[in-house]
Amino acid sequence: NAGVTQTPKFQVLKTGQSMTLQCAQDMNHNSMYWYRQDPGMGLRLIYYSASEGTTDKGEVPNGYNVSRLNKREFSLRLESAAPSQTSVYFCASSEEGLAESGELFFGEGSRLTVL
Amino acid sequence: AQKITQTQPGMFVQEKEAVTLDCTYDTSDQSYGLFWYKQPSSGEMIFLIYQGSYDEQNATEGRYSLNFQKARKSANLVISASQLGDSAMYFCAMREGYSSASKIIFGSGTRLSIRP
């Protein structure tokens, strides 16, 4: 079972370059999330998507865009990368509801370095 | 506004002792869920335990239990009989509401180190 798959796992960019992080889940979950984790810190929510076709800002959305392409896929785009965006990015999915805890299922993370 | 606070940046505990990791939260919603995740040095996020705001009993999962004090807005994680493999970062998280439109936010984490 693949669960949540993120690509690429590692990426080095120069300041001003653009890139897209891809995320796909095979658990038929409605909700998907993008977080960033800076060294020694917790996870901060960038954007989330409650269902196909909807996206909402999280705690730190500036400098990012997202696309919920379909129920499976949720991509994160950096249009003009900055050194402050050096971080580990996690994609996650969940299925909430009264009968479900709604726990997050995480991908393995994507380590991005912006020089 | 939704907020999670973990006030212990790091803790050292002797192997086989019990340990309590603190978590307080702030929300104006009556319906919410609280989670604990473990992140070992390898980096993956491992779900440990969940507590719903309407659950009357404290959640337990093996050696993990969640000490839920609703009036004090605290959701502390208790690990009984700690093991060397428990050394990791631990994160408390909260989801407001039960709908799929809810966002989930995390605290800053506690680094737990178990001494042999």
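Residues numbered from 1 in each chain as written. Chains lettered and ligands numbered in written order. Predicted model: local features only at pLDDT ≥ 70, side-chain atom pairs only at ≥ 80, totals over all residues. Heavy atoms only, no water.

A. How the structure looks around the overall build of chain A. Looking only at helices and strands, chain A features zero helices and 13 strands. Each helix (α) and strand (β) of chain A, taken in turn from the N terminus, gives the series β-β-β-β-β-β-β-β-β-β-β-β-β. The globule rule puts the C-alpha radius of gyration for 115 residues at 13 Å, and the 14 Å found for chain A is close to it. If one aligns the C-alpha atoms of chain A with their principal axes, the spans along those axes are about 45 × 30 × 25 Å. (Helix = DSSP H or I, 4+ residues; strand = E, 2+ residues; numbered from the N terminus. Rg over C-alpha atoms; globule rule 2.2 N^0.38 Å.)

B. Fine view of the sheet that holds strand β3 (residues 19–25) of chain A. All names here are of chain A. Taken together, four strands build an open sheet; the order of strands is β1-β3-β8-β7 and the sheet is antiparallel. Bordering the open sheet on either side are β1 (4–7) and β7 (65–68), each of which pairs with just one other strand. Strand-to-strand twist in this sheet, taken as the mean axis angle between neighbours without regard to direction, amounts to 15°. (Pairing = 2+ DSSP bridges. Axes fitted to C-alpha atoms, helices over the stretch in contact; angles between N-to-C directions.)

C. Fine view of the state of the cysteines. Scanning all chains against the criterion turns up two disulfides over all chains. Across the disulfide, Cys23 of chain A is cross-linked to Cys91 of chain A (sulfur-sulfur distance 1.9 Å). Here Cys23 of chain A and Cys91 of chain A share a disulfide; its torsion about the S-S bond, -75°, makes the bridge left-handed. Note that Cys23 of chain A is positioned in strand β3 and Cys91 of chain A in strand β9 (residues 87–94), a separation of 68 residues in sequence. Residue classification places Cys91 of chain A among the buried residues on the basis of a relative accessible area of 0%. Linked covalently through their sulfurs, Cys23 of chain B and Cys92 of chain B form a disulfide whose S-S length is 2.0 Å. On the S-S bond that ties Cys23 of chain B to Cys92 of chain B, the torsion sits near -65°, and the link is left-handed. One end of the pair, Cys23 of chain B, is in the loop between β3 (19–21) and β4 (24–26); the other, Cys92 of chain B, is in strand β10 (residues 88–96), with 69 residues separating them in the sequence. We classify Cys23 of chain B as buried; its relative accessible area is 0%. (Disulfide = S-S within 2.5 Å. Buried < 20%, exposed > 50% of the residue type's maximum accessible area, 1.4 Å probe, protein only.)

D. Summary view of the confidence of the model for chain B. Looking at chain B, pLDDT values average 93 and 97% of them are 70 or higher. The element-level mean pLDDT for chain B is lowest in strand β11 (residues 104–106) of chain B, coming to 93, with strand β9 (residues 74–79) of chain B highest at 98. (pLDDT = per-residue confidence, 0-100.)

E. Main features of the packing of aromatic side chains. Under the counting rule described, the total for this entry stands at 15 aromatic pairs over all chains. Here a set of aromatic residues connected by ring pairs shows up, and it is made of Tyr33, Tyr35, Tyr48, Phe90 and Phe106 of chain A together with Phe35, Tyr37, Phe47, Tyr50, Phe91 and Phe106 of chain B. Directly above the ring of Tyr64 of chain B sits Arg63 of chain B, whose terminal nitrogen or CZ lies 5.7 Å from the centroid. (Phe/Tyr/Trp six-rings, centres within 6.5 Å; stacked < 30°, edge-to-face > 60°. Lys NZ or Arg CZ within 6 Å of the ring centre and 35° of its normal.)

F. Molecular detail of the interface of chain A and chain B. Contact with chain A, which involves 20 residues of that partner, is made by 20 residues of chain B. With both chains or domains summed, chain A and chain B bury close to 1,800 Å², and 60% of this area falls on carbon and sulfur atoms. Scanning the region where chain A abuts chain B turns up zero salt bridges. Run the count over chain A and chain B and you get four residue pairs in polar contact (both at pLDDT 80 or more). Contributing elements (two or more residues each) for the side of chain A that touches chain B: β4 (31–37), β5 (43–49) and β10 (96–97) of chain A. The element contributing the most residues to the side of chain A that touches chain B is β4 of chain A, with four residues. Looking at side-chain class alone, the side of chain A that touches chain B contains eleven nonpolar, six polar and three charged residues. (Contact = heavy atoms within 4.5 Å. Buried area = accessible area lost by both parts, 1.4 Å probe. Salt bridge = Lys/Arg side-chain N within 4 Å of Asp/Glu carboxyl O. Polar contact = N/O pair within 3.5 Å; in protein donor to acceptor, adjacent residues only side chain to side chain. Nonpolar A, V, L, I, M, F, W, Y, C, P; charged D, E, K, R; others polar.)

G. Layout of the layout of surface pockets. Size it by volume and the largest pocket reaches roughly 580 Å³. Forming the boundary of the largest pocket are 29 residues, of which Gln37, Val88 and Arg111 of chain A together with Gln39 and Gly43 of chain B lie nearest the centre. Listing elements by their share of the lining of the largest pocket, those giving two or more residues are β9 and β13 (110–114) of chain A together with β10 and β12 (110–115) of chain B. In terms of residue count, β13 of chain A provides more of the lining of the largest pocket than any other element does, four residues in total. Its residues placed into classes, the lining of the largest pocket shows ten nonpolar, 13 polar and six charged. Approximately 150 Å³ is the volume attributed to the second largest pocket. Around the second largest pocket sit Met41, Gly42, Leu43, Arg44 and Glu59 of chain A together with Gln2, Lys3, Ile4, Ile105, Phe106, Gly107 and Ser108 of chain B, which together line it. Of all the secondary structure elements, the ones that give two or more residues to the lining of the second largest pocket are β5 of chain A together with β1 (3–5) and β11 of chain B. For the lining of the second largest pocket, the class distribution of residues is five nonpolar, four polar and three charged. (1 Å grid on protein atoms, 1.4 Å probe; cavity = no way out; pocket = protein on both sides within 12 Å on 5 of 7 lines; lining within 4 Å. Points joined across faces, edges and corners; volume = space filled by probe spheres on them.)

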